[in-house]
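Next come the chains, spelled out residue by residue.
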Amino acid sequence: MKTLIIGGGLSGLALADRLEAAGHDYLLVEARDRFGGRIQTQYLDDGYFDMGPAWFWPGQPRIAALIERLGLEKFDQFSAGDLTFEDPHGQVQHGRGFSSMEGSWRLKGGLQALTQSLADRLPGDRKLLNAQVISLTDADQGIVAHLANGDRISADQAVLALPPRVAAEITFTPDLPLAARTSMQQIATWMAGQAKAIAVYDTPFWRDAGLSGDATSRFGPLVEIHDASPAEGGPFALFGFIGIPPQSRRDEPRLRQHIQAQLIRLFGPDAAAPKQLYIKDWAFDQNTSTQADLEPLYAHPDYGLPQAMAHLWDGKIRFAGTEVAAQFGGYIEGALEAADAAFTQVTA
Ligand SMILES: Cc1cc2nc3c(=O)[nH]c(=O)nc-3n(C[C@H](O)[C@H](O)[C@H](O)COP(=O)(O)OP(=O)(O)OC[C@H]3O[C@@H](n4cnc5c(N)ncnc54)[C@H](O)[C@@H]3O)c2cc1C
């Protein structure tokens, strides 16, 4: 029984890892030229800076177990010191308060150390990069996937380990039932409309001034800021979520100027010259976001696998990916939860 796993983010990688360990026949295909999906780390000197997810939390059993099994190490989100607040007029105050991300964990080496480690363990003939699936056909004996590069892959079944909205852009022949397609399009992709900026510095001047690096702003463009430095040593960093709607933040040079000016207002003149200012806008990355994801999300959606998506093409189409996880949907823990559920289904 050959399983084609479509999508090499954490969920697809974790499923491949389990199928490999169980001696099953599978192939993992990934559209991008790297594995990891929404997990992406930038490296500068000895520093590692997460452009997608950065945190995981106590009470998430799968991510804790996986990190331990892979010999990786977690560390506490830095949060010692005063908070910073910027009011709607750009007036800045520092003071005591509760740091919103205190108690969160980060991974030494960045979260990409996790996805890279999983990818490296898979044999070379079980994984393909630059392999975007553009159509799936229900063939008598299984399924046939057509790639953007013209290649065709046959398998007995396929697992869609990608955001359901992105999966809905694949051409299905015959088309999926309307209820399934509608469900897929209605599931908002967690954090897809977000953009993150990371300013990297030689010294942690905010820490030296008694500030944690945590800031909230009603003035922007960054609305929520935290320390993003590595566990030990430098270079050091501050990161912020960009609070401007996707359509209004496309002028990157202008956005950079405003971020720079805001960091100086919040943390002083030392913030003026970052070694590097990374910006990653997920809203315009077509392997993560669709047009529908440009609409802001105001709350964490209720995730899980809708009934309409549960048994497509006589069970030859399955779903993984964090958005179908019932308990931890949206989070990296959910990507692992969904991989576990898909493993049970495809090996049944
Ligand atoms: C800015 C940001 C911050 C976040 N912060 C956190 C956090 O702090 N903590 C947390 O727990 N979670 C966070 N998340 C959510 C977290 O990133 C996801 O839960 C997790 O990475 C999802 O993994 P996945 O494998 O399900 O999906 P993805 O990582 O999206 O993987 C899907 C894969 O499918 C590939 N693909 C797409 N289309 C095709 C195709 N047609 N053919 C082949 N491959 C295809 C994509 O390239 C991608 O690699 C954040 C996300 C973002 C964007």
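Just above sits the structure.
Residues numbered from 1 in each chain as written. Predicted model: local features only at pLDDT ≥ 70, side-chain atom pairs only at ≥ 80, totals over all residues. Heavy atoms only, no water.

> Describe in detail helix 2 (residues 61-69), supporting the description with residues and values.
What helix 2 keeps buried is the set Ile63, Leu66 and Ile67. Axial view of helix 2: buried residues confined to an arc of 100°, hence all on one face. Away from its buried face by more than 90 degrees, helix 2 exposes Pro61 and Glu68. Next to the buried residues of helix 2 lie helix 1 (10-21), strand 8 (105-107), helix 3 (112-121) and helix 8 (332-346). Downstream of helix 2 by one or two residues, Gly71 has phi in the positive range, about 75°. (Buried < 20%, exposed > 50% of the residue type's maximum accessible area, 1.4 Å probe, protein only. Helix = DSSP H or I, 4+ residues; strand = E, 2+ residues; numbered from the N terminus. Arc of directions from axis to C-beta. Contact = heavy atoms within 4.5 Å.)

> Just give me the short version of the packing of aromatic side chains, but keep the residues and values in it.
Evaluation of the coordinates by the stated rule reveals eight aromatic pairs. Note on Phe172 and Trp313: the rings are 6.0 Å apart at their centroids and 75° apart in plane angle, and the pair reads as edge-to-face. With Phe172 in strand 14 (residues 171-173) and Trp313 in the loop between strand 19 (276-281) and strand 20 (317-319), the pair connects residues that are 141 residues apart, well separated along the chain. In this structure, Phe172 and Trp313 share a single accessibility class: buried. Among the aromatic residues, those joined into a cluster by ring pairs are Trp55, Phe239 and Phe241. Stacked on the ring of Tyr26, the Lys or Arg Arg126 has its end atom at 4.9 Å from the ring centre. Against the face of Phe284 rests Arg250, its NZ or CZ located 3.7 Å from the ring centre. (Phe/Tyr/Trp six-rings, centres within 6.5 Å; stacked < 30°, edge-to-face > 60°. Lys NZ or Arg CZ within 6 Å of the ring centre and 35° of its normal.)

> Go over unusual backbone geometry with me, naming the residues and quoting the values.
Between Thr173 and Pro174 the backbone carries a cis peptide bond, its omega angle lying at -5°. By the element assignment, Pro174 lies in the loop between strand 14 and helix 5 (178-186). Omega for the peptide link from Gly220 to Pro221 comes to 10°, which places this bond in the cis form. For Pro221, the location among the structural elements is in the loop between strand 16 (211-217) and strand 17 (222-227). If you check the backbone angles, Asp314 has positive phi at about 55° while not being a glycine. The topology assignment puts Asp314 in the loop between strand 19 and strand 20.

> Explain the side chain of Gln157 to me, and be specific about the residues and the numbers.
You can see Gln157 is positioned in strand 13 (residues 157-160). Within polar-contact distance, the side chain of Gln157 engages the backbone oxygen of Val346 at 3.2 Å. (Polar contact = N/O pair within 3.5 Å; in protein donor to acceptor, adjacent residues only side chain to side chain.)

> Summarise the side chain of Asp293; cite the residues concerned and give the values.
Position of Asp293 among the secondary structure elements: in the loop between strand 19 and strand 20. Taking relative accessible area as the criterion, Asp293 reaches 4% and is therefore assigned buried.

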